[in-house]
Amino acid sequence: MLELQGLGRRFGEVAAVDGVTLSVPAGQMVGVIGRSGAGKSTLIRMVNRLTEPTAGRILFEGRDVTALRGRALRDWRARCAMVFQQFNLVQRLDVLTNVLVGRLNHRPTMSSLLKRFTDEERAMALAALDRFDLAAAALQRADTLSGGQQQRVAIARALLQEPRVILADEPIASLDPRSAKVVMDALRGLNRERGITVLCNLHHLDTAREYCDRIVAMQSGRVVFDGTPAELTAARVRDVYGVDEAEFEEQAAAAVRRSAANRAAPVAANAA
Amino acid sequence: MDALSFTAAGGGPAPSAWSPAVERGEAAYQAARRQRRNATLIALAVLTACLLASAWVSEAYPATLLAGLPRIGEYLWRILPSLRWDALLSGTDTEGSLAFWFYRLDSWAWLLFETANMAALATLFGASAALLLAFPAARNLSGGVPYQLARRFCEAMRTVPEIVFALILVWAFGVGALAGILAITLHTAGALGKLFAEAIENTDMRPWDAARAAGASWPECCRFAILPQALPNILSYALLRFETNIRSASVIGFVGAGGIGEELYKVISFNYYEEISAIILLVILAVASVDLLSERLRHRAIGALGGAT
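Here the residue numbering is sequential within each chain, running from 1 through the sequence in written order. Labels are handed out in written order, letters beginning with A for the chains and numbers beginning with 1 for the ligands. Residue-level local features of this predicted model are given only where pLDDT is at least 70; pairs of side-chain atoms are given and counted only at 80 or more, and the full residue set underlies all totals for whole chains, interfaces and linings. Excluding hydrogens and water, the side-chain values take into account all heavy atoms of the structure.

## Regarding the overall build of chain A
When helices and strands are tallied, chain A shows 10 helices and 10 strands. For chain A, whose C-alpha radius of gyration is 18 Å, the value lies close to the compact-globule estimate of 19 Å for 272 residues. Each principal axis of the C-alpha atoms in chain A carries an extent, and together these give about 55 × 40 × 40 Å. Burial classes: relative accessible area under 20% of the type maximum marks a residue as buried, over 50% as exposed, and values in between as partly exposed (1.4 Å probe, protein chains only). Within the span of chain A, comprising 272 residues, buried residues form 54% of the whole. Sequence separation of at least 24 residues holds for 71% of the intrachain contacts in chain A that already meet a minimum separation of 6. On chain A, roughly 11,400 Å² of surface is accessible, and the fraction owed to carbon and sulfur atoms is 50%. One finds the centroid of the 37 positive side-chain charges in chain A at a distance of 6 Å from the centroid of its 31 negative side-chain charges. Helix and strand assignments follow DSSP, with helices taken as H or I runs no shorter than four residues and strands as E runs no shorter than two, numbered in order from the N terminus. Each radius of gyration is computed over the set of C-alpha atoms, and the globule rule expresses the reference value as 2.2 Å times the number of residues to the power 0.38. When checking whether two residues touch, look at their non-hydrogen atoms; a contact exists if any pair is within 4.5 Å. Per-residue and other accessible areas follow the Shrake-Rupley method at a 1.4 Å probe size, with only the shown protein chains counted as cover for residues. Positive charges come from Lys and Arg, negative ones from Asp and Glu, while His and the chain ends are left out of the count. Throughout, a charge is located at the NZ atom of Lys, the CZ atom of Arg, the CG atom of Asp or the CD atom of Glu.

The following block contains the structure:
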């Protein structure tokens, strides 16, 4: 059970996320939808504390993860893996090492720095790649792969963390429709087979309806809808957002493109 | 017909023949040009004033310069070897031969070799220290006290010239190459620390986010998300520094810190004119060949880096 209690984040005067309370049972696949600046990305990045909340708390199986520091925080991050819109692989590194990054939390730092992974870990990585038909590409540089392949490598990396939760921040926004389907199927498969809880930001309502057990809609940092896909009818979308579905998706897609451009900047604004 | 008529008239049509838009445009163009010219003139005047002031403060008078110039020529003339065509290839005993000019080539060659080794070791040690310093000194990965400490330390190390470090270290470790190596190492660590940190600041931060989200510790994030991206630049800077360090190592012997510099200082102070030119020539040759070699090496290393980092 993952519980968000009154979770909030302010950037100066602006409240990106404002008092979000959700409780997600283990093994649920939740789609988070919303327009530009709705706070979905901030919300999801607060769960593994890549972004620090300024209000509220997060509980995982009753344990407060908002207060974790150092080793304990890193352990929590390893248990809730993240999949990014831009895949976030090291382009110059081979695919296998990129996947093994998912293992770093489980091993001593000194031997990691020397890149001394064990045979078992390599086997795990290759098995994860094989699951997504990428075992043959293990020794290729990541930048030789297509976007869809890179996202699958990123999911293999997440898998190596042996996570209980997967956070996916617009995982298919940079992909063509076919790759998008493969990636969503992969996330859905992990959710079904291993009972991994998935929290996934999406801007296609149809994708959310097709894959998720539950949809959470956000507007100006607040949850404005929380229910099953069946309950999110076209009429309900108009009620909540004041626009029809096509218009909503267009606005959401524009927001995704903007945030992608921001994050591609060489020097990120926020440091460790 | 218009174009023809105004070539025929020689001076062109009267200004009134142009439309108001053209006249306005022309006036604006002239005004802009005047403004630019004035700005240039003012900048030149300020620059000249600054130049004169600095010359006055540093006593760089043209008269002194003119008086000294011939003496440079005189010195150069003195250090030139007196070679004779007929004896050019004779042995060390014949005055006017190449062998006579370079009569101590064996010991000089050894000293040059020692100089190159000093530079290589100092570059290796300095670059290793710089690599450790660069991560805390990079704005995007670090902050607060560690950032300030690493940055300020790099600044302090590269502000102090090698020769000053060498003076202190010769006092501590005695005359010899060790003092020179350490002196160049310290300066290199400071200079490369800043350059490496800048290479790190130019990396893509998305893999960093991913490594952090996987629960990796700070050193692991540096190692896996940042180092592979920054490594080609880091290697290139280190090899460039090796070339600079060869030059530094050639003069650091002036204060007794080993290498060919000690010998050079000795022959300069004893006014062994021909030996000065012989040693300088050797140093130039050595530096040039290291430059060529390291440039090749740099390109090859960057090419070979491929994915295996």
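This is not the end of the story, as more comes after the structure.
## Quick notes on the pattern of salt bridges
Salt bridge, as used here: a side-chain nitrogen of Lys or Arg that lies within 4 Å of a carboxyl oxygen of Asp or Glu. Applying the stated rule across the entire model yields 29 salt bridges over all chains. The partner of Asp75(A) in a salt bridge is Arg71(A), with the nearest N and O atoms 3.0 Å apart. Placement of the pair is Asp75(A) and Arg71(A) together in helix 2 (residues 70-79), with a separation of four residues, close to one helical turn. Judged by relative accessible area, which is 29%, Asp75(A) ranks as partly exposed. Exposure remark for Arg71(A): the relative accessible area of 43% places this residue in the partly exposed category. When the shortest N-O distance is used, the salt bridge between Glu162(B) and Arg241(B) registers 3.6 Å. Taken together, the residues span a long stretch of sequence, with Glu162(B) in helix 7 (residues 162-173) and Arg241(B) in helix 10 (residues 218-252) at a distance of 79 residues.

## Concerning the interface of chain B and chain A
How big an interface is tends to be stated in terms of the accessible area lost upon association of its parts. Opposite the 33 residues of chain B that make contact, chain A presents 38 residues. The term buried area denotes the loss of accessible surface (1.4 Å probe radius) that occurs when two parts are joined, taken as the sum for both partners. Roughly 3,000 Å² is buried in total at the junction of chain B and chain A, and carbon and sulfur atoms are behind 58% of that figure. Sorting the residues of chain B by area buried against chain A places Arg206(B), Arg212(B) and Phe224(B) first, and these three jointly supply 25% of that buried surface. Summed over the shared surface of chain B and chain A, the result is one salt bridge. Where Asp209(B) meets Arg45(A), a salt bridge forms, and the shortest distance between an N and an O atom there is 3.1 Å. Here a polar contact means two N or O atoms within 3.5 Å. Within protein one must be a hydrogen donor candidate and the other an acceptor candidate, and residues neighboring in sequence count only if both atoms are side-chain atoms. Here chain B is connected to chain A by eight residue pairs in polar contact (both at pLDDT 80 or more). Those elements that place two or more of their residues in the side of chain B that touches chain A are helix 9 (206-213) and helix 10 of chain B.

## Observations concerning the pairing of strand 3 (residues 29-34) of chain A
All names here are of chain A. Strand 3 sits mainly inside the fold: six of its six residues count as buried. Side chains Met29, Gly31 and Ile33 project from strand 3 onto one buried face, and the interleaved Val30, Val32 and Gly34 project onto a second face that is buried too. Relative to strand 8 (residues 197-201), strand 3 is paired through four bridges, and the arrangement is parallel. Across the sheet, residue Gly31 finds its bridge partner in strand 8, namely Cys200. Two elements, strand 3 and strand 9 (residues 214-219), share five bridges in a ladder whose sense is parallel. Bridge assignment links Gly31 to a residue of strand 9, and that residue is Ile215. Note: two strands are recorded as paired if DSSP finds a minimum of 2 bridges between them.

## Observations regarding unusual backbone geometry
Residues and elements named next belong to chain A. Here Asn88, not a glycine, exhibits a phi torsion of approximately 55°, which is positive. With respect to the helices and strands, the residue Asn88 is situated in the loop between strand 6 (80-83) and helix 3 (95-100). Judged by its relative accessible area of 5%, Asn88 is buried. One non-glycine residue with positive phi stands out, namely Lys115, at about 60°. As for its placement among the helices and strands, Lys115 is situated in the loop between helix 4 (109-113) and helix 5 (119-131).

## Section: the state of the cysteines
Chemically, a disulfide is nothing more than a covalent bond linking the sulfur atoms of two cysteines. Residue and element names in this part refer to chain A. Any two cysteine sulfur atoms lying within 2.5 Å of each other are counted as a disulfide. Using the criterion set out here, one finds zero disulfides over all chains in the structure. Left unpaired, Cys200 is separated from the closest cysteine sulfur, that of Cys212, by 5.9 Å. By relative accessible area, which is 0% here, Cys200 ends up buried.

## Re the domain arrangement of chain B
For the domains described, the bounds stem from an automatic or database domain assignment. We note that the domain assignment places domain 1 (2-57) and domain 2 (98-305) within chain B. The centre of domain 1 of chain B, based on its C-alpha atoms, is set 51 Å off from the matching centre of domain 2 of chain B.

## A few points about the side chain of Ser236(B)
As for its position among the elements, Ser236(B) is in helix 10. Contact partners of Ser236(B), with chain neighbours within four places excluded, come to Arg298(B) and Ile302(B).

## A closer look at a positive patch on the surface
On the surface, Arg33(B), Arg34(B), Arg36(B) and Arg37(B) cluster together into a patch of positive charge. Along the chain, the position of Arg34(B) falls in helix 2 (residues 20-57). Patch membership needs two things, relative accessible area over 30% and no salt bridge, and members are linked within 9 Å if like-charged or within 5 Å if nonpolar (Val, Leu, Ile, Met, Phe, Trp, Tyr).

## Topic: the sheet that holds strand 4 (residues 55-60) of chain A
In a beta sheet, neighbouring strands pair by backbone hydrogen bonds and run either parallel or antiparallel. Residues and elements named next belong to chain A. Strand order across the open sheet formed by four strands is 2-1-4-5, with antiparallel pairing between neighbours. Strands with a single pairing partner mark the edges of an open sheet, and in this sheet they are strand 2 (14-24) and strand 5 (63-64). Here five bridges tie strand 1 (residues 2-11) to strand 4, and the two strands are oriented antiparallel to one another. From the neighbouring strand, Gly8 faces strand 4, where its bridge partner is Ala55. This element, helix 1 (residues 40-47), spans strand 1, strand 2 and strand 4 of the sheet and lies at about 120° to strand 1. Geometry is summarised by axes, namely lines fitted to C-alpha atoms with helices restricted to the contacting stretch, and by angles between N-to-C directions that run from 0 to 180 degrees.

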